[in-house]
Amino acid sequence: MASKPTEQSRAATIKEFDEASVSPPKPDQRASNEKDMFAHTETMQKSKLGWVGAVWGSKSEKPGNIAAIALIILLIFVGSLIFFYHDWELFSETLAVLMSTVTLILGYLFGSGSRE
């Protein structure tokens, strides 16, 4: 014997779904604690990085940070030599020394990281 469908067991219609309203869940204390912990961790990480680390990376990248800063200083110096130097013989020797240092630093920064 088949039983008649009751109010609880019948299928809902699309119109009923459209009319239904469900409020979004409200964050509980656990979600708030998790948000606060994430904010604290992020603040601690930013304070450990400092202003140089924010651009070039964390403590493990310190040699690379120093090399990048030295490279920027050398490139600024080379740029000023190009515009303000008038003794061309001494300029070419100075430029050769500086550019060899620049290529050494670039090799260090972008060289292979694997030591196989």
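Our structure's up above, just so we're on the same page.
Fair warning: this is a prediction, and the values are worked out from it, not measured in the lab.

(A) Looking closely at the overall build of the protein. A count of helical and extended segments in the protein gives 4 helices and 0 strands. Helices and strands appear in the protein in the N-to-C order α-α-α-α. Looking at the protein as a whole, 12% of its 116 residues are labelled buried. Within the protein, counting contacts between residues at least 6 apart in sequence, those at least 24 apart form 45% of the total.

(B) Representation of helix H4 (residues 88-110) in the model. Its 23 residues place the ends of H4 31 Å apart at the C-alpha level, agreeing with the 33 Å of an ideal helix rising 1.5 Å per residue. Every buried residue belonging to H4 is among Phe91, Leu98, Val102 and Ile105, and all of these are buried. In the core, the buried residues of H4 are packed alongside helix H3 (62-84).

(C) Broad picture of a nonpolar patch on the surface. Residues Ile82, Phe83 and Phe84 make up a contiguous nonpolar surface patch of roughly 400 Å² in combined accessible area. Note that Phe84 resides in helix H3.

(D) Looking closely at the nonpolar core. Counting 9 residues, the largest nonpolar core is built from Ala67, Leu71, Leu74, Val78, Leu81, Phe91, Leu98, Val102 and Ile105. A per-element tally of this core places H3 first, with 5 residues. Contacts of Leu71, omitting those with residues within four sequence positions, involve Val102, Ile105, Leu106 and Leu109.

About the cut-offs
Residues numbered from 1 in each chain as written. Predicted model: local features only at pLDDT ≥ 70, side-chain atom pairs only at ≥ 80, totals over all residues. Heavy atoms only, no water. Helix = DSSP H or I, 4+ residues; strand = E, 2+ residues; numbered from the N terminus. Buried < 20%, exposed > 50% of the residue type's maximum accessible area, 1.4 Å probe, protein only. Contact = heavy atoms within 4.5 Å. Expected span 1.5 Å × (residues − 1). Patch = residues over 30% accessible without salt bridge, like charges linked within 9 Å, V, L, I, M, F, W, Y side chains within 5 Å. Areas by Shrake-Rupley, 256 points an atom, 1.4 Å probe, with all protein chains shown as cover. Salt bridge = Lys/Arg side-chain N within 4 Å of Asp/Glu carboxyl O. Core = buried A, V, L, I, M, F, W, Y, C linked by side-chain atoms within 4.5 Å.

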